[in-house]
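So the chains spell out like this:
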Amino acid sequence: MGSFIRGREIVAIAQRYGWKAGGPGANHPHILKRQGDRPVPVRSRLENKYEAQGLLKQLSIPRSDWPEKLK
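My aim in this report is to walk through the structure given alongside it, one point at a time. Note that the coordinates shown come from a computational prediction; the quantities given were computed from them, not determined experimentally.

Attention now moves to the nonpolar core. Ile-10, Leu-32, Leu-56 and Leu-59 are the most contacted members of the largest nonpolar core, which has 17 residues in total. Looking at this core, the elements with two or more residues in it are helix H1 (7-15), strand E4 (40-42) and helix H2 (49-58). Element by element, the count of residues in this core is highest for H1, at 4 residues. Those residues in contact with Leu-59 that lie beyond four places of it in its chain are Ile-10, Ala-14, Trp-19, Leu-32, Arg-34 and Val-40.

Right under this line is the structure:
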């Protein structure tokens, strides 16, 4: 089964908004960190658009900067 979107695409978008890639976590290859916010784990493959949309909302990324396939 293929992935809907790759985690590294989410990481690239988040880094434009001040999130830093904190390296791998226990079960997630990407942990995003930002001063004053809780760390956000990101899996390497997101299986559906709702999972990806939830992450972008949690990261406070404006909908206008979401990839077209997630809008």
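Moving on: the pairing of strand E3 (residues 30-33). Both strand E2 (residues 20-21) and E3 contribute to a ladder of 2 bridges, which runs antiparallel. Bridging from a neighbouring strand, Ala-21 pairs with Leu-32 of E3. Pairing geometry for E3 and E4, over 3 bridges, is antiparallel. Across the sheet, Ile-31 pairs through a bridge with Pro-41, a residue of E4. Linkage of E3 to E4, two consecutive antiparallel strands, is achieved through a turn of 6 residues, within which Gly-36 is found at a positive phi near 85°.

Calculation rules
- Residues numbered from 1 in each chain as written.
- Predicted model: local features only at pLDDT ≥ 70, side-chain atom pairs only at ≥ 80, totals over all residues.
- Heavy atoms only, no water.
- Core = buried A, V, L, I, M, F, W, Y, C linked by side-chain atoms within 4.5 Å.
- Buried < 20%, exposed > 50% of the residue type's maximum accessible area, 1.4 Å probe, protein only.
- Helix = DSSP H or I, 4+ residues; strand = E, 2+ residues; numbered from the N terminus.
- Contact = heavy atoms within 4.5 Å.
- Pairing = 2+ DSSP bridges.

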